[in-house]
Amino acid sequence: MSLLVVGLSHRSAPVSVLERASLNADAQVKLAQDTVTAEPATEAAVLATCNRIELYADVDKFHAGVAELSTLLAQHSGVGLEELTPHLYVHYEDRAVHHLFSVACGLDSMVVGEGQILGQIKDSLARAQELHTAGRLLNDLFQQALRVGKRAHSETGIDRAGQSLVTFGLEQLSAGADVQAWAGGKKALVIGAGSMSSLAAATLARAGVAEIVIANRTRDRAERLAQILTEGDDTGVRARAVTMDAVPAELTRADVAVSCTGATGLVLTAETIAAAVAARTGAPAAVAEAGAQRHDSGRTTARADVRETPLPPAGTGAEEGCPPAPAAAEPGFSLMGESAVAGMDAATLEQHGTWAGGGTSLLERSRESGGGAADRRDFARAGAEADAELITALAATAATVGRVPERRKPEPVAAPRPEPALFVLDLAMPRDVDAAAHRLAGARLVDIESLAEASADAPMAADVDQVRRIVSDEVAAFGAAQRAAHITPTVVALRTMAADVVSSEIARLEGRLPGLDDKHRAEITQTVRRVVDKLLHAPTVRVKQLAAEPGGAGYADALRTLFDLDPETVASVSRADNDSEIQSKNRGPV
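Note that the structure is a prediction, hence the values are computed from the model and not measured.

### Some remarks on the side chain of H10
For step 1, the next point in the chain: Among the structural elements, H10 can be located in the loop between β1 (3-9) and α1 (15-21).
For step 2, the next point in the chain: Reaching out from H10, the side chain makes a polar contact with the backbone oxygen of D108 at a distance of 3.1 Å.
For step 3, the next point in the chain: Contacts of H10, omitting those with residues within four sequence positions, involve L18, N51, R52, D108, S109 and M110.

Okay, structure coming up:
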């Protein structure tokens, strides 16, 4: 087995890179076909979801395989290889198996434990089977991954560790409130009719929304989904279908909008969302400042306009020991307010004051004049001398307390964001909704990027450890089965050679004993075959056991060498078995 996976996901790449590297259905097909055409690979499958792009292949050379698969990913994604390479990860052989099994169990998902990935793995296998790019290795691998994922969900509580991306997104929209209480009675607009959109519509129906409008480029699919929602689950939800050109109008009626399409451009612009908010509220949608901060929940809190509070007049709110600022700044005034000297020590201030006072130490001049209030008033009336007077006073304060007390500007206060009039969940990759909508105070947008932020510190359930043990056990079993399968063609070729030797010797015996009757001929033939089978039984059983152990791949080579087996005979047996198994498995994944 030489399984290689090269890919990138939300764990290795920022959303902006994932968004640009996303592959539509046609690009996935072409990537798989080009991979098996490339020299190092004989099998290929593409697993592309909203937060991962992975290329699986059976390669005969590791380094050449990594280089070729990375190049193909860059070519088909449209992201330059130099930019893409820092975000790529590579797994080989058992590590590649471990990775896919972990993905199938939801351990590598943005929301741990989500089960939708199983459907995406199943679709990936079906596509590879249809394109005939999946051989024995990838068929076995993906089929087993599906079984491991189902086992994890049935034998553990991994579902409690997380939810589907849709459920998690709705929880973020509701700001942690109970989703059913939040969604009850709302009107929802679902854009798209694919698997993710269908899941979103079903989740909203179960959450208790009053109405769901399905918008899709192909109206037939939208109508089919609307019919399923209306007739199923006894939710009592009203559902209807519209075309995509009706989205702006429907958005003005909706409380919640979920979008997940395969579009390469924006489906909802910030202007469209702002217009919908304005239509719902009767006022233009407020736009937050450019410096608005996005929170982990995906919401954005706009920072209010905060004007600097002027310093209070002398004696009003001043810190103890801090002298008043001069009433007015005459030409040549150099201090520019208290903040310019806050924190200076007495010596620095005195130096500054000596310069401002024309070379005479201010403290000395203050002492010479007696430092009285009248003298200080004279300084204040003397234009530039007022600067020296203030510095003198500040220096005296600094000499006492060690520094000039600093008057700090008040911290900006965030204005409370109004309750959104429209909730938008964008589950598409690349994004369907303009990220600028985060800045609209009348809307709350949750997208893949904000979901990644919100789930970064999500608690891990205790069941995750149990799933990890299942994955480890299944990886070991899969590796043993593959190694045992690798030696099977050699064992079959050995037994075929032995049968041929028996047949040849029986034929030679008949030539030397032409009078041998049928009864004796049959008895001799059966005896010879039993002898050969008994001689081969223990070695062939034992070599299968040894080959299943780590490092056991060399036993097949040893067997071929010891019995001088024709490599082409072994290869032909392997091809025949492979073709037979693929035809059986291509009837459909589990």
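### Here we look at the pairing of strand β4 (residues 89-92)
For step 1, the next point in the chain: What you see with β4 is a clean split: Y89 and H91 sit on the buried side and V90 and Y92 on the side with no burial.
For step 2, the next point in the chain: Looking at chain direction, β1 and β4 are connected through 4 bridges and run antiparallel. The partner of L4 across the bridge, within β4, is Y92.

### Notes on the sheet that holds β1
Sheet strands associate in pairs through backbone hydrogen bonding, adopting either a parallel or an antiparallel arrangement.
For step 1, the next point in the chain: What the 4 strands build is an open sheet, ordered β2-β3-β1-β4; its pairing is antiparallel. Strand pairing shows two members of the sheet lacking a second neighbour, β2 (41-49) and β4, which therefore form its edges. Geometrically, the sheet is characterised by an average inter-axis angle of 15° between neighbouring strands, direction not taken into account.
For step 2, the next point in the chain: Each of β1, β2, β3 (52-59) and β4 is contacted by helix α5 (residues 94-104), which is oriented at about 115° to β4, the strand it contacts most.
For step 3, the next point in the chain: Packing against the sheet, helix α7 (residues 136-155) makes contact with β1, β2 and β3, and its axis sits at approximately 30° to β2.

### Comments concerning unusual backbone geometry
For step 1, the next point in the chain: In this chain, M429 is followed by P430 through a cis amide linkage whose omega measures 5°.
For step 2, the next point in the chain: On the secondary structure map, P430 appears in the loop between β11 (422-426) and β12 (443-446).
For step 3, the next point in the chain: You will see that E93, though not glycine, has its phi angle at about 50°, which is positive.
For step 4, the next point in the chain: Relative to the helices and strands, E93 resides in the loop between β4 and α5.
For step 5, the next point in the chain: With a phi angle near 60°, H132 is a residue other than glycine that sits in the positive phi range.

### Here's the deal with the packing of helix α6 (residues 116-131) against α7
For step 1, the next point in the chain: Here α6 crosses α7 at 165°, and the two axes come no closer than 10 Å. In terms of their interaxial angle, α6 and α7 are classed as roughly antiparallel. Crossing handedness for the pair α6 and α7: left-handed. Touching L118, I121, K122, S124, L125 and Q129 of α6 are L138, N139, F142, Q143, A145, L146, G149, K150 and H153, all from α7.

### Description of the pairing of β3
For step 1, the next point in the chain: Here β3 lies mainly inside the structure; 8 of its 8 residues are buried.
For step 2, the next point in the chain: The alternating pattern of β3 places R52, E54, Y56 and D58 on one face and I53, L55, A57 and V59 on the opposite face, and all of these are buried.
For step 3, the next point in the chain: Summarising the sheet, β1 and β3 pair through 7 bridges and their orientation is antiparallel. Opposite V6, over in β3, you have L55 as the bridge partner.
For step 4, the next point in the chain: Pairing of β2 with β3, which is carried by 8 bridges, proceeds in the antiparallel orientation. Each residue of the ladder has a partner; that of A44, found in β3, is A57.
For step 5, the next point in the chain: Hairpin connection from β2 to β3: 2 residues lie between these consecutive antiparallel strands.

### A look at the environment of R483
For step 1, the next point in the chain: If you trace the backbone, R483 turns up in helix α20 (residues 463-512).
For step 2, the next point in the chain: Classification of R483 by relative accessible area gives buried; the value is 18%.

### Some points on the layout of surface pockets
Which parts of space are left empty comes out when a probe the size of a water molecule is rolled across the atoms.
For step 1, the next point in the chain: Quantified by volume, the largest pocket comes out at close to 1200 Å³.
For step 2, the next point in the chain: Lining the largest pocket are 38 residues, and of these Q28, S195, C260, T261 and G262 lie nearest its centre.
For step 3, the next point in the chain: Counting residues per element, the ones that place at least two in the lining of the largest pocket are α2 (25-37), β2, α6 and α11 (195-207).
For step 4, the next point in the chain: A per-element tally of the lining of the largest pocket places α6 first, with 6 residues.
For step 5, the next point in the chain: When the residues that make up the lining of the largest pocket are grouped by side-chain class, the tally is 17 nonpolar, 17 polar and 4 charged.

### A few points about the nonpolar core
For step 1, the next point in the chain: Of all hydrophobic cores here, the largest spans 66 residues; its most connected members are L8, L165, I212, I214 and L427.
For step 2, the next point in the chain: A per-element tally of this core places α11 first, with 6 residues.
For step 3, the next point in the chain: When neighbours within four sequence positions are excluded, I214 is seen to be in contact with V190, G192, A201, A222, L225, A226, L229, R240, A241 and V242.
For step 4, the next point in the chain: The next biggest cluster of nonpolar side chains, apart from the first, holds 35 residues, and it includes L100, L118, L125 and L137.

### Considering the pattern of salt bridges
For step 1, the next point in the chain: Taken as a whole, this structure holds 21 salt bridges when the rule is applied.
For step 2, the next point in the chain: We note a salt bridge from R11 to D108, for which the minimum N-O separation is 2.9 Å. Note that R11 is positioned in the loop between β1 and α1 and D108 in the loop between α5 and α6, a separation of 97 residues in sequence.
For step 3, the next point in the chain: Overall, the relative accessible area of 13% leaves D108 in the buried class.
For step 4, the next point in the chain: Linked by salt bridges that have partners in common, R11, R52, E54 and D108 make up one network.

### Some remarks on the packing of α20 against helix α22 (residues 554-562)
For step 1, the next point in the chain: It is the contact of α20 with α22, at a shortest axis distance of 9 Å, that shows an interaxial angle of 15°. As judged from the angle between their axes, α20 and α22 are roughly parallel. For the pair α20 and α22, the sense of crossing is left-handed. Contacts between α20 and α22 involve H486, I487, T490, V491 and L494 from the first element and Y555, A556, L559 and R560 from the second.

### A look at the sheet that holds strand β6 (residues 211-215)
For step 1, the next point in the chain: The sheet built from 6 strands is open, its strands ordered β7-β6-β5-β8-β11-β12 with parallel pairing. Two strands lie at the open edges of the sheet, namely β7 (238-242) and β12, each paired on one side alone. When the angles between neighbouring strand axes are averaged without regard to direction, this sheet yields 15°.
For step 2, the next point in the chain: Across 4 bridges, β11 lies against β12 in parallel orientation.

### Focus on the packing of aromatic side chains
For step 1, the next point in the chain: Under the criterion given, the structure shown has 4 aromatic pairs.
For step 2, the next point in the chain: Between F101 and F478, the ring centres sit 5.9 Å apart and the planes meet at 80°, which makes this aromatic pair edge-to-face. With F101 in helix α5 and F478 in helix α20, this pair connects stretches of sequence that are 377 residues apart.
For step 3, the next point in the chain: A residue is classified by how much of its surface remains accessible, and F478, at 6% relative accessible area, is buried.

Calculation rules
Within each chain, residue numbers correspond to sequence positions counted from 1 in written order. In view of the model being predicted, local features appear only for residues whose pLDDT reaches at least 70, and side-chain atom pairs are presented and counted only at 80 or more, with totals across whole chains, interfaces and linings using the full set of residues. Processing note: side-chain calculations cover all non-hydrogen atoms of the structure and skip hydrogens and water entirely. A run of H or I in DSSP becomes a helix once it reaches four residues, and a run of E becomes a strand once it reaches two; helices and strands are each numbered from the N terminus. N or O atoms closer than or at 3.5 Å make up a polar contact, with two conditions inside protein: a donor-capable atom paired with an acceptor-capable one, and, for residues adjacent in sequence, both atoms drawn from side chains. Between two residues, a contact is recorded if the distance between any of their heavy atoms is within 4.5 Å. The buried label goes to any residue with under 20% of its type's maximum accessible area, the exposed label to any with over 50%, and the partly exposed label to all in between, with areas taken from a 1.4 Å probe on protein chains only. Strands qualify as paired when DSSP identifies two bridges or more between them. In this analysis an axis means a line fitted to C-alpha atoms, helices contributing only their contacting stretch, and an angle means the value between N-to-C directions, from 0 to 180 degrees. The cut-offs work like this: below 35 degrees is roughly parallel, past 145 is roughly antiparallel, 65 to 115 is roughly perpendicular, and the gaps in between are oblique. Left-handed describes a crossing in which the near helix is turned anticlockwise from the far one by less than a right angle; the clockwise case is right-handed. Think of a 1 Å grid over the protein atoms and nothing else: a 1.4 Å probe that fits but is trapped marks a cavity, an open set flanked by protein within 12 Å on at least five of seven lines marks a pocket, and residues with an atom within 4 Å of a point count as lining. Grid points are joined across faces, edges and corners, and a volume is the space filled by probe spheres set on the points. Only Asp, Glu, Lys and Arg are considered charged in this grouping, and only Ala, Val, Leu, Ile, Met, Phe, Trp, Tyr, Cys and Pro are considered nonpolar; every other residue, Gly among them, is considered polar. What makes a nonpolar core is a set of buried Ala, Val, Leu, Ile, Met, Phe, Trp, Tyr and Cys residues whose side-chain atoms join them at distances within 4.5 Å. Salt bridge criterion: a side-chain nitrogen from Lys or Arg within 4 Å of a carboxyl oxygen from Asp or Glu. Aromatic rings from Phe, Tyr and Trp, with only the six-membered ring used for Trp, were paired whenever their centres fell within 6.5 Å, and each pair was classed as stacked if the ring planes differed by under 30 degrees, edge-to-face if by over 60, and tilted otherwise.

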